[in-house]
Amino acid sequence: MTAKSRPLWQRILLSVWLRPILLVIILLVLWDLAIRLFKVPPYLIPAPEAVVRQLINEWPKLWRESLVTTYATLGGFALSIAFGIPMALLIAYSRTVESFVYPLLVFSQSIPKIAIAPLFVVWFGFGIIPKVICAFLLGFFPIVVSTVAGFKSVDNDMIDLARSMKAGRLATFMRISLPQALPSLFAGLKVSVTLAVVGAVVGEFVGSNSGIGYLLQIANGNFDLPLMFAALVVLSMIGVLLFVAVDVVERLMIPWHASHRNDFTATA
Amino acid sequence: MFKRISTLLAATLACSILSGPAAAQAKDKVILMLNWYVYSEHAPFFLGKERGYFEQEGIDLDIQEGRGSGVTVQAVAAGTAQFGYADVATMIKAAAKGAPVIAVGVALQTSPMSVMGFADKNIKTPADIKGKIVAVTPGDSMSQIWPLFLKKTNLKDTDFQQVAGDAQTKLNAVINGQADLLLGYPMDQAIKLQDATKKAIYPIRFADYGVNLVSSGIIVNKDYLKKNPDLVKRFMRAATRSLEEAAKNPEAAVDAMLKANPKSGFKDSALVGMKATAGLYKGPDNPGDRPLRVGAKNMNETFALLVEYGGLDKASAGKIEDYYTNDFLP
């Protein structure tokens, strides 16, 4: 109601979509000011203007390489889901599995992926597979942890209630446990998808003939910092878009959840 | 027992008194950042440090490992390290983009850049590269000169297959047979391959096919040079002595390096590398000069190559004299 009475420019200014863009613009201005004020030389940090210019000039190349990185990211993310969620279910529902697997999982997570990534190239060659595995290794842990947490925090009284009403195990799972676990599962998916982007680029750094990671290496070798930053911007955009995609799926699957209820009234 | 402790104490005391005046005389603390993790090419600096050449010039030298010439150049430009040991061609490219750095001595006057593989694969001439797989590191100095080598030897991109990976992946690929060849230095990658597999390596040197440019050298920050010309002179005097002595006595140099960095390699292969390194100290156009002095013709050729193939913009690059000087050498 208040939204309608406000003038148009105010509504645009306050719209949820515009706010982050506004912040980006403010940060760009600060970046530019900092470079001018402190006289930061371009071989250490490029000016935002130079980065934007490279972003436009090199767009065809950036677009081509970003597709490659996106495929690897999605591959790793899909693997993370395919392995992570069943693994989390096993851990959540079996104390035996939990006691065997969980500590090992945490242990494996502390291994720096960049240290073992060169081995993936040795094992799987220079194609997309080592990148997908890197993305998977970074992406799958958050899914497991938050899914386990989700299923473990299901309200026991609710399950007792379902049982007392003679619901079978499957029905209890589908009606009570799964819906209650979904919010934290999605929280894990969101962390996972952004980490998968990082994983894919780690894979590309180590050994690859294409992708944003490959482009970053070349730009770095030529002291082309504007191109390097432009590639980083594109990379971050991939992360943002994938995050938003997961968010949209989340809204569709759990529109009832508290984290979305407010948004819906605000944007309605 | 007590007596022994007291003699020990007396000895320490005597030592500290003796070393007292030397310590009081403030030495200039200087960081030399290498182009890469320590390998045989760096042995002369460890020899110079061990023998006290730098100390005698009033310099307290701290040798730090690097992570690629580009990073070393940036560190020197930013003043994080006062001196750098880096690929001069890479430095020129950074300087052309505004980094305030200059080469004050060129150690390797002929480029060691090579394309190499196991000797038993019989790849000995550029023509043998046809149909093979070559591993490169995108963006590094060798990958940028590689197209020129191909042009000079009448090879086309389509004649062979190329795979890209970081420094370690390149080695792994050749060791595991995913690639037949890699771009590298005989005293670095060739030795690493040899140490890992105990198999002989055959390098095809770019320089033998008309692709020559200067390689590693000593670089400093321009502002630092302006403020400390005397210190730079003293440093270069010690460095020149170090290189000369290492060329004469490669074994002592390698020993000094391995003593300071036991993990930096094996003695036998490091010795081969050190000898190969010393073989590049003499410039093609100034063979009579002491090490680190570079000839104008050699630098001009390097510059021309960089403008033509290395992505150096001719208009903004200026002239080669802006990028190096022999003025601070003995």
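For the structure itself, consult the block above.
1. Considerations on the interface of chain A and chain B
- Across the boundary between the two partners, chain A contributes 21 residues, which contact 22 residues of chain B.
- Of all the elements in the fold, those that place two or more residues in the side of chain A that touches chain B are α7 (113-124), α10 (169-206) and α11 (212-221) of chain A.
- In the side of chain A that touches chain B, the residues fall into 13 nonpolar, eight polar and no charged.

2. Considerations on the pairing of strand β5 (residues 114-118) of chain B
Residue and element names in this part refer to chain B.
- For β5, the buried fraction is high: four of the five residues fall into the buried class.
- As paired elements, β5 and strand β8 (residues 181-184) share three bridges and run antiparallel to each other. What sits directly across from V115, in β8, is L183.
- Across five bridges, β5 lies against strand β9 (residues 201-205) in antiparallel orientation.

3. Digging into helix α8 (residues 189-197) of chain B
Residue and element names in this part refer to chain B.
- Buried within α8 we find Q189, A190, I191, K192 and L193.
- Here the buried face of α8 lies against β5, α7 (167-175), β8, β9 and α12 (267-278).
- Two residues or fewer past α8, K198 is found with a positive phi of approximately 60°.

4. Remarks on the sheet that holds strand β3 (residues 83-87) of chain B
Residue and element names in this part refer to chain B.
- Taken in spatial order, the five strands line up as β2-β1-β3-β10-β4 in an open sheet, and their pairing is mixed. Both outer strands of the open sheet, β2 (59-64) and β4 (101-106), are each paired with one neighbouring strand and no more. On average, each strand axis in the sheet is inclined to that of its neighbour by 30°, with strand direction left out of account.
- The sheet contacts of helix α10 (residues 229-248) involve β1 (28-33), β2, β3, β4 and β10 (216-221), and relative to β4 the element is tilted by about 35°.

Definitions and cut-offs
- Residues numbered from 1 in each chain as written.
- Chains lettered and ligands numbered in written order.
- Predicted model: local features only at pLDDT ≥ 70, side-chain atom pairs only at ≥ 80, totals over all residues.
- Contact = placed C-beta atoms within 7 Å.
- Helix = DSSP H or I, 4+ residues; strand = E, 2+ residues; numbered from the N terminus.
- Nonpolar A, V, L, I, M, F, W, Y, C, P; charged D, E, K, R; others polar.
- Buried ≥ 20, exposed ≤ 12 C-beta atoms within 10 Å, placed from the backbone.
- Pairing = 2+ DSSP bridges.
- Axes fitted to C-alpha atoms, helices over the stretch in contact; angles between N-to-C directions.

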